[in-house]
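# An overview of the molecular structure
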Amino acid sequence: METLTAIPKEVAALIPCQQLYITKQNLNEFQDAIKQLETALHLCPAIGATDGAKEHPAIFHYFYGGTDIYICEYDKEDLMFGYSILNGDLQNAEWGYTSLSEITSMPQFNIDYHFEPQTIEAALYEAYPDYYKKPQSLEG
């Protein structure tokens, strides 16, 4: 496997500022995470591509404390679409658009380097099984 000497620009754009700084300082330790993000970026649907879907691919997961932002669509510039839970407030959690530059400019946010491919609905159910219904992808 090829060793990275730098983080690809399009991948670096996904990583919040403080996490990016640490990642660059420890590039060898984060090789797998960077490659995983690069793969996810290429698989990420365009804005509007998952409209009407029963389940949405969870391509990226950003987090800080009780805040979770699951991204399923990205315009490859700045606009993202997904599901956000702010400060653990499940009643007011919602689908909507967000700005990548806004997320990455906040030093307390991180992108989940260990996020397993799944749907947003599956991630929500696994995190909050008493609140979200079990999605079809987990039936079986």
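Structure's up top.
Here's what I pulled together on the structure shown here.

What counts and how
Each chain carries its own residue numbering, running from 1 in the direction its sequence is written. Only residues with pLDDT of at least 70 get local features here, since the model is predicted, and only at 80 or more are side-chain atom pairs given and counted; chain-wide, interface and lining totals rely on the full set of residues. Processing note: side-chain calculations cover all non-hydrogen atoms of the structure and skip hydrogens and water entirely. Secondary structure counts use DSSP, requiring at least four H or I residues in a row for a helix and at least two E residues in a row for a strand, with both numbered from the N terminus. The globule rule is 2.2 Å times the number of residues to the power 0.38, and the radius of gyration it is compared with is taken over C-alpha atoms. A simple rule labels every residue: compare its accessible area, found with a 1.4 Å probe on the protein chains alone, to the largest value its type can have, and call it buried under 20%, exposed over 50%, or partly exposed in between. Residue burial considers only the protein chains on display, and all accessible areas are found by Shrake-Rupley using a 1.4 Å probe. Within this analysis, the arc is defined by the directions that extend from the helix axis to the C-beta atoms. In this description, contact between two residues means that some pair of their heavy atoms is separated by no more than 4.5 Å. For Phe, Tyr and Trp, rings pair up if their centres lie within 6.5 Å, where Trp contributes its six-membered ring, and each pair is then called stacked (planes under 30 degrees apart), edge-to-face (over 60) or tilted (otherwise). What makes two strands pair is DSSP finding at least two bridges between them.

Let us now look at the overall build of the protein. Of the regular secondary structure elements, the protein holds five helices and seven strands. In sequence order, the secondary structure elements of the protein are arranged as α-α-α-β-β-β-β-β-α-β-β-α. Against the compact-globule benchmark of 14 Å for 140 residues, the protein has a radius of gyration of 15 Å, which places it among compact chains. Principal-axis analysis of the C-alpha atoms gives the protein an extent of 45 × 30 × 25 Å. Within the protein, buried positions represent 46% of all 140 residues. Summing over all exposed atoms, the protein offers an accessible surface of approximately 8100 Å²; the carbon and sulfur share of this is 50%.

Buried within helix α2 (residues 17-25) we find Q19, L20 and T23. Down the axis of α2, the buried set is contained in an arc of 100 degrees. They therefore lie on one face. Elements in contact with the buried residues of α2: α1 (9-12), α3 (31-43) and β6 (110-111).

With that settled, consider the packing of aromatic side chains. The way to describe two aromatic rings as a pair is by their centre distance and the angle between their planes. Counted under the stated rule, the structure contains nine aromatic pairs. Taking the centre distance of 5.1 Å and the plane angle of 75 degrees together, the rings of Y131 and Y132 count as edge-to-face. Taking the relative accessible area as the measure of exposure, Y132 reaches 15% and is therefore buried.

In this structure, strand β2 (residues 60-64) lies alongside strand β3 (residues 67-74), joined through five bridges in antiparallel fashion. Residue pairing across strands places F60 opposite I71, the latter belonging to β3. Hairpin connection, β2 to β3: the antiparallel pair is bridged by two residues, and G65 has positive phi, about 55 degrees. Judged from the two bridges that link them, β2 and β6 form a sheet pairing that is antiparallel. In the strand pairing of β6, Y62 is matched with I111.

Mapped onto the elements, L138 comes out in the segment after α5 (120-127). The spatial distance from the C-alpha of L138 to the C-alpha of T119 is 9.6 Å, given a sequence separation of 19 residues. If near-sequence neighbours (up to four positions away) are discounted, L138 is found in contact with A122, Y125 and E126.

This paragraph deals with the pairing of β3. For a regular strand, side-chain orientation follows a simple rule: the groups alternate between the two sheet faces. Across the eight residues of β3, eight count as buried, placing the element largely inside the fold. Bridge count for β3 against strand β4 (residues 79-85) is six bridges, and the pairing is antiparallel. Within β4, the position partnered with E73 by the bridge is F81. Connecting the antiparallel pair β3 and β4 is a turn made up of four residues, with K76 showing a positive phi of about 65 degrees.

Shape descriptors only; they carry no functional weight alone.
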